[in-house]
Amino acid sequence: MEDGFSSYSSLYDTSSLLQFCNDDSASAASSMEVTDRIASLEQRVQMQEDEIQLLKSALADVVRRLNLSEEQQAMGSRRGPTKDPALMRKSPSADSNVGKPARPMIATLPLRPTVNNGTILPKKGSTLPSPSGSGSRKDTSTTANKSTVRRANSNEHVGTLTRKDSGDSKGNRTRAGSTGSNSSGKRSDSKQRDPVFNAGMRRVTHCKEEGYVKMYLKGRPITMFMPKDQVDSYCLEARADLPSNKLKLDWVYGYRGRDCRSNLYLLPTGETVYFIASVVVLFNVDEQLQRHYTGHTDDIKCLAVHPDKITIATGQVAGTSSDGKQLAPHVRVWDSVSLNTLHVLGTGFFDRALVCLAFSKSNGGNTLCVVDDSNDHVLSVWDWQREDRLAEVKCSNESVFAADFHPTDSNIVVTCGKSHLYFWNLEKGMLVKKQGLFEKQEKPKFVLCVTFAENGDAITGDSSGNILVWGKGTNRISHVIQGAHEGSIFALCMLRNGTLVSGGKDRRLISWDSSYQQIQTVEVPELFGPIRTVAEGRGETVLIGTTKNFVLQGSLDGEFMSITQGHTDELWGLAVHPWKPHFLTCGYDRQVCLWDSSSHQLIWSKSMEDTAQSAGFHPSGAVVAIGTQTGRWLVLDTDSKDLVTVHTDGNEQLSVMRYGPDGNFLAIGSHDNYIYIYAVAENGRKYSRVGKCSGHSSFITHLDWSVDSQYLVSNSGDYEILYWIPSVCKQVVSVETTRDIEWATHTCTLGFQVFGLWPDGSDGTDINAVCRSNDKRLLVTGDDFGKVHLFAYPCSQFRAPSHFYGGHSSHVTNVTFLYNDSYLVSTGGKDMSVMQWRIV
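These numbers were taken from a predicted model, which means no experiment stands behind them.

**Comments concerning the overall build of the protein chain**
Then, in step 1: In terms of helices and strands, the protein chain carries six helices and 58 strands.
Then, in step 2: Split into buried and exposed, the 840 residues of the protein chain put 54% on the buried side.
Then, in step 3: Residue pairs at least 24 apart in sequence account for 50% of intrachain contacts in the protein chain once pairs closer than 6 positions are excluded.
Then, in step 4: Carbon and sulfur atoms make up 49% of the accessible area of the protein chain, which amounts to about 36400 Å² in all.

**A short note on the sheet that holds strand β22 (residues 420-427)**
Then, in step 1: Pairing is antiparallel in the open sheet, where four strands are placed in the order β20-β21-β22-β23. Sheet topology places β20 (400-405) and β23 (430-435) at the edges, where each strand pairs with a single neighbour. Going from strand to strand, the sheet's axes swing by 25° on average, the running direction of each strand aside.

**Describing the pattern of salt bridges**
Side chains bearing opposite charge may pair, as long as their charged atoms lie close to each other.
Then, in step 1: In the structure shown here, the tally under the stated rule is 26 salt bridges.
Then, in step 2: For K361, the salt bridge goes to D404, with nearest N and O atoms at 2.3 Å. Of this pair, K361 sits in the loop between β16 (354-359) and β17 (367-372) while D404 is found in strand β20, placing the two residues 43 residues apart along the sequence.
Then, in step 3: Using a relative accessible area of 15% as the deciding quantity, one classes D404 as buried.
Then, in step 4: Of the charged contacts, one joins R632 and D610 as a salt bridge, the two residues approaching to 2.8 Å between their closest N and O atoms. Taken as a pair, R632 in strand β42 (residues 632-637) and D610 in the loop between β39 (601-607) and β40 (612-617) lie far apart in primary sequence, 22 residues in all.
Then, in step 5: For R632, a relative accessible area of 28% gives the class partly exposed.

**Side note on the nonpolar core**
Then, in step 1: Grouped together as the largest cluster of nonpolar side chains are 41 residues, with contacts concentrated most on L247, F583, V780, F817, L824 and W837.
Then, in step 2: Here this core takes five residues from strand β5 (residues 247-253), the largest share from any one element.
Then, in step 3: By size, the runner-up hydrophobic cluster in this structure holds 30 residues, among which are V213, M226, I741 and L779.

**A short note on the sheet that holds strand β34 (residues 551-555)**
Then, in step 1: Strand order in the open sheet formed by four strands is β32-β33-β34-β35, and the pairing between neighbours is antiparallel. For this open sheet the edge positions go to β32 (531-536) and β35 (560-564), each flanked by a neighbour on one side alone. In this sheet, adjacent strand axes meet at a mean angle of 30° when their direction is disregarded.
Then, in step 2: As paired strands, β32 and strand β33 (residues 541-546) are joined by five bridges and run antiparallel to one another.

**Things to note about the side chain of D383**
Then, in step 1: Secondary-structure assignment places D383 in strand β18 (residues 378-383).
Then, in step 2: By relative accessible area, which is 15% here, D383 ends up buried.
Then, in step 3: In terms of polar contacts, D383 uses its side chain to reach the side chain of R386, at 2.9 Å.
Then, in step 4: Excluding residues within four positions of it along the chain, D383 makes contact with N366, D388 and L390.

**Notes on the packing of aromatic side chains**
Then, in step 1: For the coordinates displayed, the defined rule picks out 25 aromatic pairs.
Then, in step 2: Geometrically, the ring pair formed by Y422 and W424 is edge-to-face, given 5.7 Å between the ring centres and 85° between the ring planes. W424 matches Y422 in its accessibility class, with the two residues each being buried.
Then, in step 3: Note on F665 and W705: the rings are 6.3 Å apart at their centroids and 25° apart in plane angle, and the pair reads as stacked. Linking F665 in strand β45 (residues 665-670) with W705 in strand β48 (residues 700-705), this pair joins segments that are 40 residues apart in sequence.
Then, in step 4: These aromatic residues form a ring-pair network of at least three members: W633, Y659, Y678 and Y687.
Then, in step 5: It is R532 that lies over the ring of F490; its NZ or CZ is 4.6 Å from the centre.

Conventions and cut-offs
- Residues numbered from 1 in each chain as written.
- Predicted model: local features only at pLDDT ≥ 70, side-chain atom pairs only at ≥ 80, totals over all residues.
- Heavy atoms only, no water.
- Helix = DSSP H or I, 4+ residues; strand = E, 2+ residues; numbered from the N terminus.
- Buried < 20%, exposed > 50% of the residue type's maximum accessible area, 1.4 Å probe, protein only.
- Contact = heavy atoms within 4.5 Å.
- Areas by Shrake-Rupley, 256 points an atom, 1.4 Å probe, with all protein chains shown as cover.
- Pairing = 2+ DSSP bridges.
- Axes fitted to C-alpha atoms, helices over the stretch in contact; angles between N-to-C directions.
- Salt bridge = Lys/Arg side-chain N within 4 Å of Asp/Glu carboxyl O.
- Core = buried A, V, L, I, M, F, W, Y, C linked by side-chain atoms within 4.5 Å.
- Polar contact = N/O pair within 3.5 Å; in protein donor to acceptor, adjacent residues only side chain to side chain.
- Phe/Tyr/Trp six-rings, centres within 6.5 Å; stacked < 30°, edge-to-face > 60°.
- Lys NZ or Arg CZ within 6 Å of the ring centre and 35° of its normal.

In short, geometric facts, not functional conclusions.
Below is the structure:
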């Protein structure tokens, strides 16, 4: 060991460092001058930095040499029985490096400690998933580099299998230890060698004698026993088939009005166009049909319609793919009839996201102006048909809310936002700025929207509730409507007949004539929220998008009808009616909503005091239980939405609410690691607590009941699979009892019938929800990357193939089949969308 360190210790005299450590001359009690004391401290700090650098270098070399040694050991195990560890450490390849300055110490390093069955003990730094309720997208980059190394015992024979396209990081090497008996240490040639599959954080072994498959997530073993009738026939290496069915997006519930503007238009086809998540919806209200443009890969933030009313441009945010690659923000120009993408603009140019889009009007719509969400909010003008950027300029370091071309001059662009209104003139490839002069008018904090009068005047609405008119070709105010609204004006729309319509935070929709005299005022009901955007509808109608994510169709006389609505905060709870085409959603917006999947209409909604996390229907369909984030849970009458009962168990979120198939018990999975069991009577209207199932060491994530309602299986945040007799709250530990149980549902993400759904490199938290179809042929999952995957069931082969579908722009928090398997419903977390998929 001393020789190993000699090359490093010679770099500087350690005795001088020791002298400095013992020297008190730099302390406050020293008689040295302040400047001398500072110099002494600087010298001491420099020496300590040198020492730290030396230790880092030595440690890096140790890790590198250790990896080399393990690779050599793995190579040796393929050739024959594993040699004595001491001989392995003294192999010529290792000894040949000893003494070289860059590789000290390795000759004396011990092998890693092992437990009796040969499993490498987990590193100290490895941690279990954080028991937090947040569903935010997880970053797997830090964990994906760690290799899990495991040596097999006599029953788990080891082979190696590598895959070129696995996408694992370079640090994930496939290694194998020796195949030997614990008692003799000799290799048993009489037993068949079963494969070991390595995939990043996940690793699978098969023990044929005991009839189980063992999977490793983040180094933690998960043993899954197969049914007895599959023990002899099961083969881990067999290839699973793709499901014969596919999914087609049928309906999207929701609209993004809370934080987006100018994203609602009526097309000549009679379709209303708007967006939510990464889907643009084209909704024909009269025919109750939706079409969907799904070319985007992440959140859409802005939308513009070409003067031809056919071509549409939409802009999205930057994102991250499931394999960790960055997805650049860009603009997609597409045909609203064929839904074909025509052009993709600005990949690699825009930063963060796109916030404003507008086509020119006077030159046939040949140019497109775009503002991104970079620090400088760069304004760029594009010849979109040639995908050529004509000009760019830093617009403002403050937020920009709107950008539009002048209706008669395609060289003039107006932008507005926080504390600014700019008139830009495109001259010889340059955008020249003129700032709007407020002069005697008090400058508003935000200029929120802009439109144009027939004569070319620009009209703005601001956070002070004022409408300002700016003379054509000037940057000065020509007319003021002081106090047009109480509070911010979010939207201005110039109708074909010259009437100006304004809408704002006060929920008022006000119409103005060409002289800016008020014609009439109508107030939108409080239920719908403040007006975010206004668009001209068919005939005398107008379309309104609100901050509570409603799309309303109505008239200036005050008749409003909701044509689209959705949730306004993160969405987690999802439950399907046991015998009707209805489903229920609930989330952090404290709203519980019951939907009809056939008519695509909201049946009822109910406000709650607490944020909701989970839901489950009673088998009779008469009541539905809602779990909250505070430990409270309540039962609602399905028909009347009246409150039946309220209970509280613990003070943490309730992740699962699951009735037994016979309707006599309710199991509640909590983040306090317990499963609370209630006896249920009177068709779901009377509840008495039986007790709680205690045994998990982490929060409960999923629950399933057996067909006969006698058993319960649960998953937890630390990848445990436990079985219970819920009527007495006792854990079942007998494998022979549990391996052949038939389960009424399959929502647990861990188990023999579903382990094939886990993707390569998974850290164990990527899959949020699983659901088996009622006919037991399909399995669907929702993951952290906005994808819905469709597998064949059972899914008990490693790396099972799947069809996968985008649309959500956030983690997919829940998925479930309707009672008759006709449709599948998925919920997005932060994208607040509900998507209904037809099974084809």
